[in-house]
Amino acid sequence: MSIDGDRARTRTMLREGHKVIDTGPYALARHPIYTAFIAGSWFYALIEAKPMPLAGAAVLTLVVTVKARDEERVLHRELGAADYDAYAARMRMLIPLPR
């Protein structure tokens, strides 16, 4: 995370030799941690069944989806269109269902 004036923002950064991983949880979704984060927020919101947790889950879903799309652009550019696009064609971004 970096601080830019009075705003905090995150940046997608890759390590040297980074490559597409399609095993383990990445065989279910391209962003499995985000999927779990969104699912957990909705489970909590539905258990509470109150307006604030439901609104929070909706906002979190939107923010995480935007972040995942930003990461997708970086991964496509840095890992190569051929490798990442082939993975993206096989695997959904957030929803762990077969294509």
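Structure: above.
Cut-offs and rules
- Every chain is numbered on its own, with residues counted from 1 as its sequence reads.
- Totals for whole chains, interfaces and linings use all residues, but because this is a predicted model, local features are given only for residues with pLDDT of at least 70 and pairs of side-chain atoms are given and counted only at 80 or more.
- Excluding hydrogens and water, the side-chain values take into account all heavy atoms of the structure.
- Strands are runs of DSSP state E lasting at least 2 residues, helices are runs of H or I lasting at least 4, and numbering of each runs from the N terminus.
- Only protein chains enter the accessibility calculation, which uses a 1.4 Å probe; a residue is then buried when its area is under 20% of its type maximum, exposed when over 50%, and partly exposed in between.
- Note on patches: the residues involved have over 30% relative accessible area and no salt bridge, like charges join within 9 Å, and the nonpolar side chains Val, Leu, Ile, Met, Phe, Trp and Tyr join within 5 Å.
- Surface accessibility follows the Shrake-Rupley procedure with a 1.4 Å probe radius. Residue values consider only the protein chains on display as shielding.
- Take a side-chain nitrogen of Lys or Arg and a carboxyl oxygen of Asp or Glu: if they are within 4 Å of each other, that pair is a salt bridge.
- What a helix should span is 1.5 Å times the count of its residues minus one.
- Between two residues, a contact is recorded if the distance between any of their heavy atoms is within 4.5 Å.

Peer 1: Looking at this model, I keep getting lost on unusual backbone geometry. Mind explaining?
Peer 2: Glycine aside, residues mostly have negative phi, and peptide bonds are mostly found in the trans state. Phi at Ala49 is positive, roughly 50 degrees, even though this residue is not glycine. Locating Ala49 in the fold gives a position in the loop between helix 1 (32-48) and helix 2 (51-79). Its relative accessible area of 57% is what places Ala49 among the exposed residues.

Peer 1: It is not clear to me how a nonpolar patch on the surface should be interpreted in this structure. Could you clarify?
Peer 2: A surface patch of nonpolar side chains, about 290 Å² in accessible area, is lined by Ile21, Tyr26 and Ile33. Mapped onto the secondary structure, Tyr26 falls in the loop between strand 2 (7-9) and helix 1.

Peer 1: Hey, could you run me through helix 2 in this one?
Peer 2: Residues that lie three or four places apart on an α-helix share one face, since the helix turns once every 3.6 residues. In this model helix 2 runs 41 Å from its N-terminal to its C-terminal C-alpha over 29 residues, within 8% of the 42 Å that 1.5 Å per residue would give. Buried within helix 2 are the following residues: Pro53, Ala57, Val64, Thr65, Lys67, Ala68, Glu71, Glu72, Val74, Leu75 and Leu79. On its buried face, helix 2 sits against helix 1 and helix 3 (81-90). Positive phi appears at Gly80, one or two residues downstream of helix 2, with a value of about 100 degrees.

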